[in-house]
Amino acid sequence: MKRLPILVLLFSVAQFCGATSPPALCLEKSGALAARSAVHHITQHHDHGYKFKLSAVQSTKMEEVNGINCNIELQLDLLETTCHNVNPKDWFDCSTRGESDRDVMAKCLVKMTVTNDVPQVTKYDCDTKLVKSNSEMMRICPDCPFLVPLNSTEGLKSVHEAVKKANQDHSHQHYYVLHEVGRIKAGYMFHSGTGYWAEFALVESHCPAASRIVSEACKPLCPDRAGHALCKSSYTSVNGLSSVQCEFYPALSTTPRGDSEQEPDCMPLHAPVGPCPPGPHSCVGPLLPPDGRVGAPAPPHGSGGPSQPGLEMPHPMHPHSCHGLLENFDPALHPICPWPIPQHMPL
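Residues numbered from 1 in each chain as written. Predicted model: local features only at pLDDT ≥ 70, side-chain atom pairs only at ≥ 80, totals over all residues. Heavy atoms only, no water.

A. Structural detail: the environment of Asn-151. Residue position: Asn-151 is located in the loop between strand E5 (146-147) and helix H4 (153-168). With 180 residues separating them in the primary sequence, Asn-151 and Pro-331 have C-alpha atoms 7.9 Å apart. (Helix = DSSP H or I, 4+ residues; strand = E, 2+ residues; numbered from the N terminus.)

B. Fine view of the packing of aromatic side chains. Under the defined criterion, the tally for this structure stands at four aromatic pairs. Note on Trp-91 and Phe-92: the rings are 5.4 Å apart at their centroids and 80° apart in plane angle, and the pair reads as edge-to-face. Residue Trp-91 is classed as buried on the basis of its relative accessible area of 9%. Residue Phe-92 is classed as partly exposed on the basis of its relative accessible area of 37%. (Phe/Tyr/Trp six-rings, centres within 6.5 Å; stacked < 30°, edge-to-face > 60°. Buried < 20%, exposed > 50% of the residue type's maximum accessible area, 1.4 Å probe, protein only.)

C. A look at the environment of Gly-240. Along the chain, Gly-240 turns up in strand E9 (residues 240-249). Taking the C-alpha atoms as reference, Gly-240 lies 7.7 Å from Ser-158; in sequence the two are 82 residues apart. Look past the residues within four positions of Gly-240 in its chain and what remains in contact with it is Ser-234 and Tyr-235. (Contact = heavy atoms within 4.5 Å.)

D. Seen up close, H4. The end-to-end C-alpha distance of H4, which contains 16 residues, comes to 23 Å, matching closely the 22 Å that a straight helix rising 1.5 Å per residue would cover. Those residues of H4 that are buried are in contact with strand E6 (174-189), strand E7 (193-208), strand E8 (228-236) and E9. (Expected span 1.5 Å × (residues − 1).)

E. Molecular detail of the state of the cysteines. Scanning the entire structure with this criterion turns up six disulfides. Shown here is the disulfide that connects Cys-108 with Cys-126, its sulfur atoms set 2.1 Å apart. In this structure the cystine formed by Cys-108 and Cys-126 twists about its S-S bond by roughly 110°; its chirality is therefore right-handed. On the criterion of sequence distance, the pair formed by Cys-108 in strand E3 (residues 104-115) and Cys-126 in strand E4 (residues 118-130) is long-range, its members being 18 residues apart. Assigned by exposure class, Cys-108 and Cys-126 land together as buried. With its sulfur 1.8 Å from that of its partner, Cys-141 forms a disulfide with Cys-144. (Disulfide = S-S within 2.5 Å.)

Geometric descriptors of this kind do not, in isolation, establish any biological role.
And the structure:
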């Protein structure tokens, strides 16, 4: 027992003597540690599409500041995983896509500061693209499906039919509404026409599953109180919808409400889809309904009524949430948006 005070004293002296040494992140060969911290930050702010994981650290530049702190610049290669953002799994536990599944990569330039051994990302820019372009894949595999824009009319038609089918096939307490389209692959099949294979995320709404409320009036529950799902569907232009399979994720908070307590109104990550308003950037980024209230019904399309709810009709916008920050992007992908968002940009 007498050794304990001595050990504590030695530990304190070691801490004091090492107080002026550079933090671990500022030492040479610590690029992997800094990169892991950077990817964690990127994942936290990438609130749409799929999670990314680190593939390679291309370069690391460190600049010493005051002898004990530093600035770090990283060039990272990330790969898109099969885990959608609604999946609670950590990014490092997720699998990446193979070539036949049209893998996606992001080349990122990340700037960080390390002060008192605490890393902080100050800026990052990423270029998100297919590992192999459609033209390259055509030469390798002419019959393989290719990714189509997320606002593809036929692709969205297949998704909206699949959303209805997914709700019919499961006995949940509440109706699940479309959260976002993850990706859509298309390819021609003899006798069946064009096939569409879609992935899309669902979110639990406040509407009871057995109610007759039109889905356009169903508001998503708060993110921590809502269940989520990632679904995959198959559809052909000749035979229609053939299959829907969903993986459901429970709500983070399961605390029951009191008898007189109502579900709070929360702004969803992606606002319900309405028609594009006039303007030069009208079809870029998420849109609120015309009256500006989250969850308000969109105006009907054509003669659409309960059987053709406005929120389930194909729309001409690209649904990623980069708020017009990207000029050239692949409309079939969910790109990693630059960070931080400039103050003059709309949120």
